[in-house]
Amino acid sequence: MLFNSFHFAVFFPIIVLLYFTLPYRFRWLLLLVGSCYFYMVFVPAYIFIVLFTIFVGYFSGIAIQNSVGRRRKFFLVINIVANIFVLCFFKYYGFINDTITCFMGLFSVENPLPGLSITLPIGLSFYTFQSLSYTIDVYRGRQPAERHLGLFALYIMFFPQLVAGPIERSQNLLVQFREKHDFNYKRVTDGLKLMGWGFFKKLVIADNLAVMVNAVYNDVGAATDTALIIATIGFAYQIYCDFSGYSDIAIGAAQILGVRLMKNFAQPYFSSSLDEFWKRWHISLSTWFRDYLYFPLGGNRVSFLKWVRNILIVFLVSGLWHGANWTFLIWGAIHGISFILFAVTDKVLDSFIKSGTNGVQFAFLHKIIGTFFTVMVVFFSWIFFRAQTVEEGWYIFLRCTKFIILMIRDPVVLLRNIGGIPRQAIVAFLAVLVLEIVEIFQRKISIREWLS
């Protein structure tokens, strides 16, 4: 079930009404049944994949807590392998199979693996990571194993964040299912306001921009250079408003029920470095990679070369997590290499600023330049995220780069061939202006409190 559907507009009020009407001891069951129904609207049979993840995580957690020595690690490895296998089979089988076919074709050898048409289960990457974080935390002693199977199933399947996050930690979410949440007018209206803001991002901005972006990116050969630039900028805001809008709806819906989900986006396009960008963009995912991949690899407490290795691994895996295509790996590589370059230059510039007599002016200039280059890297990397193939992404990248160089020499060139922008895109860009104004205010005040 999608948030922006009539189905959800009927489903959610019924759940809220029943939730605050039923006795406290039955509310978890209502949410679990509702979450199962919410998920089964997509493909009913795929509920068994979620149930597999639930049972593997539940029994693994108990086995890890009840074991000592190597047996604890054995059960952890079993859990990780089982979850990764399901994720790889449903999400990456086609990608892996095609890659093997291309590689073996170089030696004129036929690939023995059969080609399968597999529909990707909705939310698989999100609830798989949520299950993995739980068992790893149990293994580390940060989370006691959950003995209530129903509550653990609800932790994996809680419908507001089941499909697209935020990726919650067990320490935050499980304990809240045991709390009694009475109806609170302010909390409910605050949740509705956040949902409304999320729907504005999703329906008014993202969906309208998608009309223009799809028209351009589906036929890049026929598009003008101006159209490619505008579509690339449009996609940057489309994907941001799509992801952050969905997160706002999820957080707001959970808040109405009395459940607190973590903030997932914090004005990322105002970042002055890639490090800051990834602290503001998809926060639940970036912190997941930090805690469960980057730190176990050694983090930054290693030699410079090993730190570079760790950064590249994290960003390449992050790229692959977003999609099964070489374009996503290139997107991750661009961010990884740029992250390293930003970190190195920041250290040099910081030492220069501290040693200079005009440190304040240099610091301000550093922030302005850093923000410009961060936005350029992020926006241009989205080209490969959106492109269907590496060749298409590289073609768009070269055309946009050449056009920007030409535009620096002759700014008027931007106004040429600018016609033909669909009405939906104009509405969306006006809405983007509203978005940016609101986000500027949100850096200092709470818009919801101001509206109240």
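1. Let's talk about the overall build of the chain
- If you tally the helices and strands in the chain, you get 17 helices and 0 strands.
- Seen along its three principal axes, the alpha-carbon backbone of the chain occupies a region of about 70 × 65 × 55 Å.
- Counting the 452 residues in the chain, one finds 51% classified as buried.
- Within the chain, contacts between residues separated by at least 24 positions form 74% of all contacts whose residues are at least 6 apart in sequence.
- With an accessible surface of roughly 22,400 Å², the chain has 70% of that area assigned to carbon and sulfur atoms.
- Measuring between centres, the 38 positive side-chain charges of the chain sit 9 Å from its 24 negative side-chain charges.

2. Some thoughts on the packing of helix α4 (residues 70–105) against helix α5 (residues 124–140)
- In the contact formed by α4 and α5, the axes pass within 10 Å of each other and the chain directions differ by 175 degrees. Comparing their axes, α5 and α4 come out roughly antiparallel. Contacts from R72, K73, L76, N79, I80, N83, I84, V86, L87, F90 and K91 of α4 reach α5 at L124, S125, T128, F129, S131, L132, T135, I136, V138 and Y139.
- Residues of the contact of α4 with α5, tallied by class, amount to 12 nonpolar, 6 polar and 3 charged.

3. Structural notes on unusual backbone geometry
- With an omega of 5 degrees, the peptide bond running from G165 to P166 counts as cis.
- Here P166 is to be found in the loop between α6 (149–157) and α7 (170–173).
- Positive phi is not limited to glycine here, since Q267 has a value of about 45 degrees.
- Taking the relative accessible area as the measure of exposure, Q267 reaches 10% and is therefore buried.
- A positive phi angle, close to 40 degrees, is found at H282, a residue other than glycine.
- Within the secondary structure, H282 sits in the loop between α10 (274–280) and α11 (283–297).
- Its relative accessible area of 3% is what places H282 among the buried residues.

4. Considering helix α8 (residues 185–217)
- Compared with an ideal rise of 1.5 Å per residue, which puts 33 residues at 48 Å, α8 spans 45 Å between its outermost C-alpha atoms and is within 8% of the ideal.
- Residue A206 marks the point of greatest curvature in α8, where the axis turns by about 30 degrees.
- Capping the start of α8 is the job of one residue whose side-chain oxygen sits 3.2 Å from the backbone nitrogen of K186: N184.

5. Comments concerning the nonpolar core
- Among the nonpolar cores identified, the biggest contains 124 residues, and F38, Y269 and W382 are the most heavily contacted of them.
- Here this core takes 17 residues from helix α9 (residues 225–256), the largest share from any one element.
- Excluding residues that lie within four positions of it along the chain, W382 makes contacts with F235, A236, I239, Y269, W281 and W331.

6. Considering the packing of aromatic side chains
- With the rule as written, the count across this model stands at 64 aromatic pairs.
- Plain terms: the ring middles of F277 and W281 are 5.5 Å apart, the flat faces sit at 20 degrees to each other, and that makes the pair stacked. In this pair, the class of F277 matches that of W281, namely buried.
- Lying across the ring of Y19, R27 places its NZ or CZ 5.0 Å from the centre.
- When the ring centre of W321 is taken as reference, the NZ or CZ atom of K91 above it lies at 5.3 Å.

Rules behind the numbers
- Residues numbered from 1 in each chain as written.
- Predicted model: local features only at pLDDT ≥ 70, side-chain atom pairs only at ≥ 80, totals over all residues.
- Heavy atoms only, no water.
- Helix = DSSP H or I, 4+ residues; strand = E, 2+ residues; numbered from the N terminus.
- Buried < 20%, exposed > 50% of the residue type's maximum accessible area, 1.4 Å probe, protein only.
- Contact = heavy atoms within 4.5 Å.
- Areas by Shrake-Rupley, 256 points an atom, 1.4 Å probe, with all protein chains shown as cover.
- Lys, Arg positive; Asp, Glu negative; His and termini not counted.
- Charge placed at Lys NZ, Arg CZ, Asp CG, Glu CD.
- Axes fitted to C-alpha atoms, helices over the stretch in contact; angles between N-to-C directions.
- Parallel < 35°, antiparallel > 145°, perpendicular 65-115°, else oblique.
- Nonpolar A, V, L, I, M, F, W, Y, C, P; charged D, E, K, R; others polar.
- Expected span 1.5 Å × (residues − 1).
- Bend = angle between axes of the 7 residues up to and from the residue.
- Polar contact = N/O pair within 3.5 Å; in protein donor to acceptor, adjacent residues only side chain to side chain.
- Core = buried A, V, L, I, M, F, W, Y, C linked by side-chain atoms within 4.5 Å.
- Phe/Tyr/Trp six-rings, centres within 6.5 Å; stacked < 30°, edge-to-face > 60°.
- Lys NZ or Arg CZ within 6 Å of the ring centre and 35° of its normal.

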